[in-house]
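# A closer look at the structure
The residues making up each chain are set out below.
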Amino acid sequence: GAGVSQTPSNKVTEKGKYVELRCDPISGHTALYWYRQSLGQGPEFLIYFQGTGAADDSGLPNDRFFAVRPEGSVSTLKIQRTERGDSAVYLCASSPPGDADTQYFGPGTRLTVL
Amino acid sequence: LAKTTQPISMDSYEGQEVNITCSHNNIATNDYITWYQQFPSQGPRFIIQGYKTKVTNEVASLFIPADRKSSTLSLPRVSLSDTAVYYCLVGDMRGSGGYQKVTFGTGTKLQVIP
């Protein structure tokens, strides 16, 4: 079956611009996670959704970052006034109900802020 | 959250067994140990999870001593395609709500040599 998909695969933007990154989880997965991965580092947790609600957004670095999941499926990570330090790979993962042990990751979106 | 410590990198020849050890001295009673594999330009992929003693699947084995303060991922007869970064995670993913924020750390970069 289809895995987690993320679009775009690459995004280049200029400092100060607004960007949206999209995640399509595996159908039926209720839990959705966003991570950020910088070069040479492991994924860094940003936010976790259970259904439509953000159950844990403690990893969002500041108020320029926001994520939504209005219908409990697709999620969008929004970054306002992008900074060069936001450049990273943004990973999305999902888990099925009753199996939070395993996260299925998408290929990520590589964001470059010039 | 229990912190984990792994070697930064390891080299191995094809066909050898590789053991990667992870230290997690402050692991909590409810914490499980999970290992993920990540290839370049891909999201992490679940390999194996365990709580104590030994767990084996078609990909790897996981050895956990009685005190659970460390764990060892064992990859039998590695091939060039096993070259990847391997992450050890510790967390209680089976608690109420089935979620706990986990930390990936920097992982172990395994290089398999022909």
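Details of the structure are given in the entry above.
Residues numbered from 1 in each chain as written. Chains lettered and ligands numbered in written order. Predicted model: local features only at pLDDT ≥ 70, side-chain atom pairs only at ≥ 80, totals over all residues. Heavy atoms only, no water.

What follows deals with the overall build of chain A. Of regular secondary structure, chain A possesses zero helices and 11 strands. What you see in chain A, going N to C, is helices and strands ordered as β-β-β-β-β-β-β-β-β-β-β. In terms of C-alpha radius of gyration, chain A reaches 13 Å, essentially the compact-globule figure of 13 Å for 114 residues. Taking the principal axes of its C-alpha atoms as reference, chain A extends roughly 40 × 25 × 25 Å. Here chain A holds 114 residues, and 48% of them are scored as buried. Within chain A, contacts between residues at least 6 apart in sequence are counted, and of these 53% link residues at least 24 apart. When the accessible surface of chain A is split by element, carbon and sulfur atoms take 48% of a total near 5300 Å². Between the centroid of the 11 positive side chains of chain A and the centroid of its 12 negative side chains there is a distance of 10 Å. (Helix = DSSP H or I, 4+ residues; strand = E, 2+ residues; numbered from the N terminus. Rg over C-alpha atoms; globule rule 2.2 N^0.38 Å. Buried < 20%, exposed > 50% of the residue type's maximum accessible area, 1.4 Å probe, protein only. Contact = heavy atoms within 4.5 Å. Areas by Shrake-Rupley, 256 points an atom, 1.4 Å probe, with all protein chains shown as cover. Lys, Arg positive; Asp, Glu negative; His and termini not counted. Charge placed at Lys NZ, Arg CZ, Asp CG, Glu CD.)

Before going further, it helps to spend a moment on the interface of chain A and chain B. With 19 residues of chain A in contact, the opposing surface of chain B contributes 19 residues. Surface buried jointly by chain A and chain B totals about 1500 Å² across both partners, of which 51% is contributed by carbon and sulfur atoms. Broken down residue by residue, the surface that chain A buries against chain B is led by Pro43, Asp101 and Phe105 of chain A, which jointly contribute 33%. One can count five residue pairs in polar contact (both at pLDDT 80 or more) joining chain A with chain B. Elements with a contribution of two residues or more to the side of chain A that touches chain B: strand E4 (31-37) and strand E5 (44-50) of chain A. Residue composition of the side of chain A that touches chain B, by class: nine nonpolar, eight polar and two charged. (Buried area = accessible area lost by both parts, 1.4 Å probe. Polar contact = N/O pair within 3.5 Å; in protein donor to acceptor, adjacent residues only side chain to side chain. Nonpolar A, V, L, I, M, F, W, Y, C, P; charged D, E, K, R; others polar.)

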